[in-house]
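Single-letter residue listing:
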Amino acid sequence: MKYTQLGRTGLKVSRLVLGTMNFGPQTDEADSHAIMDATLDAGINYFDTANVYGWGENKGRTEEIIGNWFAKGGERRDKVVLATKVYGNMAADGDAWPNHDKLSAVNIRRAVDASLKRLQTDYIDVYQFHHVDRRTPFEEIWQAIDVLVQQGKILYVGSSNFPGYKIAQANEIAARRGGTIGLVSEQCLYNLAERRAEMEVIPAAQEYGLGVIPWSPLHGGLLGGVIKKEVEGGRRASGRAAAALADTAIRAQVQSYEDLLDKHGVEPGEAALAWLLTRPGVTGPIVGPRTAEQLDSALRAVELELSEDLLTGLDEIFPGPGPSPEAFAW
């Protein structure tokens with residue numbers, strides 16, 4: 001496994017991040033534990049989760065599965081850089097009691113303690129704001145975070161799904177307050193098929209020293225060889241990938257992508273991950289394996305070297321927006 005610094009921090013993290021969203025809803029606890037053991041054995045030390053994972057009546061279940069795995073011992077917790085998130089309504093019926101969601105100081109305090117209990121740990125390495133809270137000022141948010149850092153409950157803070165201007169706003173206010181390191185990572189939707197983050201989010205992250213953690217690196221399976229799997233009678237596209245393939249232009253684009261990779265003898269899913277690892281500012285993409293086989297495929301991407309010819313071909317099929325502000329200014 002290869003490692004890098006998380007943004008401007010001294011924290012060393014793996015170039016792949018284990019996403020745990022499937023633990024509970026799609027992968028049972030025993031298999032989830034086996035995947036985490038295999039992940040750690042492979043050298044992946046960065047684990048990402050969120051308080052709402054488990055979904056519906058089972059919100060918090062994913063954190064509980066991870067906590068039970070930590071409780072097995074074997075230095076599991078000490079070896080893991082643990083990231084979780086706060087923002088979502090934790091009520092099973094979706095009807096939150098006032099102040100039981102978003103980023104008010106009172107909810108941040110409550111949510112941290114609840115996550116620590118489920119995770120069976122006394123600290124969280126990277127505590128992430130899952131979404132922007134337009135009604136809570138960053139002065140209040142940073143005050144709450146400062147207290148938690150002083151208590152030793154969290155070490156670093158990251159954002160998720162933030163626009164570029166909010167990254168700037170958050171860190172400028174942190175700098176004015178003094179003593180607050182501010183955001184150190186941004187988790188955003190970014191992949192070959194969805195490159196809008198290159199316009200503002202990634203430049204802002206680079207300017208302020210945030211590590212970029214792309215989620216959905218295969219764009220819901222669209223970049224994982226979905227057409228080939230359909231032809232061969234394998235798992236059919238669903239969700240975001242199925243909706244995208246209903247557009248004939250997108251389907252033709254994906255077919256060109258798969259044809260290009262077939263020409264180069266590279267598996268689509270591995271190429272999509274390897275491409276992200278070449279992108280400026282990217283710390284590592286989140287991979288969310290449901291099985292050990294999917295984990296093995298992701299691990300191969302770390303060692304995969306994409307030729308200049310292949311990179312050029314990928315850019316031609318999935319052109320990015322271009323540099324900001326030139327891409328939209330003139």
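What counts, and where the lines are drawn
- Residues numbered from 1 in each chain as written.
- Predicted model: local features only at pLDDT ≥ 70, side-chain atom pairs only at ≥ 80, totals over all residues.
- Heavy atoms only, no water.
- Helix = DSSP H or I, 4+ residues; strand = E, 2+ residues; numbered from the N terminus.
- Buried < 20%, exposed > 50% of the residue type's maximum accessible area, 1.4 Å probe, protein only.
- Contact = heavy atoms within 4.5 Å.
- Areas by Shrake-Rupley, 256 points an atom, 1.4 Å probe, with all protein chains shown as cover.
- Lys, Arg positive; Asp, Glu negative; His and termini not counted.
- Charge placed at Lys NZ, Arg CZ, Asp CG, Glu CD.
- Core = buried A, V, L, I, M, F, W, Y, C linked by side-chain atoms within 4.5 Å.
- Phe/Tyr/Trp six-rings, centres within 6.5 Å; stacked < 30°, edge-to-face > 60°.
- Lys NZ or Arg CZ within 6 Å of the ring centre and 35° of its normal.
- Axes fitted to C-alpha atoms, helices over the stretch in contact; angles between N-to-C directions.
- Parallel < 35°, antiparallel > 145°, perpendicular 65-115°, else oblique.
- Left-handed = near helix turned anticlockwise from the far one by under 90°.
- Nonpolar A, V, L, I, M, F, W, Y, C, P; charged D, E, K, R; others polar.
- Arc of directions from axis to C-beta.
- Pairing = 2+ DSSP bridges.
- Salt bridge = Lys/Arg side-chain N within 4 Å of Asp/Glu carboxyl O.
- pLDDT = per-residue confidence, 0-100.

Turning next to the overall build of the chain. For the chain, the count of helices and strands is 14 helices and ten strands. Seen through its principal axes, the chain has C-alpha atoms that stretch 55 × 55 × 40 Å. Counting the 330 residues in the chain, one finds 51% classified as buried. Long-range contacts, defined as pairs at least 24 residues apart, comprise 77% of the intrachain contacts of the chain with a sequence gap of at least 6. As displayed, the chain has an accessible area near 14900 Å², and 49% of this comes from carbon and sulfur atoms. On the chain, the mean spot of the 34 positive side-chain charges and the mean spot of the 44 negative ones are 4 Å from each other.

Attention now goes to the nonpolar core. With 52 residues, the main nonpolar core has Ile108, Tyr127, Phe129, Trp142, Ile145, Tyr257 and Leu314 as its most contacted residues. Among the elements that make up this core, the one with the highest residue count is helix 5 (residues 138-150) (six residues). Discounting residues that sit within four places of it in the chain, tyrosine 127 has contacts with Thr84, Val86, Ile108, Ala111, Val112, Ile145, Ile154, Tyr156, Val157 and Gly158.

Tallied over the full model, the rule gives seven aromatic pairs. Taking the centre distance of 5.6 Å and the plane angle of 45° together, the rings of tryptophan 69 and phenylalanine 70 count as tilted. Of the two residues, tryptophan 69 and phenylalanine 70, both sit in the buried class. A cation over an aromatic ring shows up here: arginine 77 above the ring of phenylalanine 70, its NZ or CZ 5.4 Å from the ring centre.

Close contact between helix 1 (residues 29-41) and helix 2 (residues 61-70) brings their axes to 10 Å; oriented N to C, the two are set at 60°. Taken together, the axes of helix 1 and helix 2 are oblique relative to one another. Between helix 1 and helix 2 lies a crossing of right-handed hand. Counted together, Glu29, Ser32, His33, Met36, Asp37 and Leu40 of helix 1 and Arg61, Ile65, Ile66, Asn68 and Trp69 of helix 2 form the full contact between these two elements. For the contact of helix 1 with helix 2, the class distribution of residues is five nonpolar, three polar and three charged.

This part takes up helix 13 (residues 308-317). Since the α-helix packs 3.6 residues into each turn, any two residues three or four apart lie on the same face. For helix 13, the complete set of buried residues consists of Leu310, Leu311, Gly313, Leu314 and Ile317. An end-on view of helix 13 places all buried positions within 160° of arc, on one side of the element. Among the exposed residues of helix 13, those pointing more than 90 degrees away from its buried face are Glu308, Asp309 and Glu316.

Attention now goes to the sheet that holds strand 4 (residues 46-48). In space, the eight strands of this open sheet follow the order 9-8-7-6-5-4-3-10, with parallel pairing throughout. Two strands close off the open sheet at either side, each with one partner strand: strand 9 (211-215) and strand 10 (286-287).

Before going further, it helps to spend a moment on the pattern of salt bridges. Overall, the coordinates contain 15 salt bridges when judged by the stated rule. Residue arginine 61 is joined to glutamate 64 by a salt bridge in which the shortest nitrogen-to-oxygen separation is 3.5 Å. One end of the pair is arginine 61 and the other is glutamate 64, both in helix 2 and three residues apart, which spans about a single turn. Here arginine 61 falls in the partly exposed class, since its relative accessible area comes to 27%. Aspartate 315 is paired through a salt bridge with arginine 195; the nearest N and O atoms lie 2.8 Å apart. Within this pair, whereas aspartate 315 is found in helix 13, its partner arginine 195 is found in the loop between strand 8 (183-189) and helix 7 (201-207), the two being separated by 120 residues in sequence. For aspartate 315, a relative accessible area of 33% translates into the label partly exposed. One salt-bridge network, in which partners are shared between bridges, spans Arg195, Glu198, Arg279 and Asp315.

Quick look at the confidence of the model for the chain now. Summing up the model confidence of the chain, the mean pLDDT is 95 and the portion of residues at 70 or higher is 99%. Looking across the chain, the model is least confident in helix 9 (residues 239-245), with a mean pLDDT of 86, and most confident in strand 5 (residues 81-86), with 99.

Structurally, the position occupied by leucine 148 is in helix 5. Leucine 148 sits in the buried class, given a relative accessible area of 3%. Distance from leucine 148 to aspartate 113, taken between C-alpha atoms, is 10.0 Å for residues 35 residues apart in sequence.

Turning to the pairing of strand 5, a few remarks are in order. Most of strand 5 is tucked away: six of the six residues are buried. Residues Val81, Ala83 and Lys85 point to one face of strand 5 and Leu82, Thr84 and Val86 to the other, with burial holding for every one of them. By the bridge criterion, three bridges tie strand 4 to strand 5 in an arrangement that is parallel. Among the inter-strand pairings, phenylalanine 47 is bridged to a residue of strand 5, identified as leucine 82. As defined by bridge partners, strand 5 adjoins strand 6 (residues 124-129) across four bridges and the pair is classed as parallel. Of the residues in strand 6, the one forming a bridge with threonine 84 is tyrosine 127.

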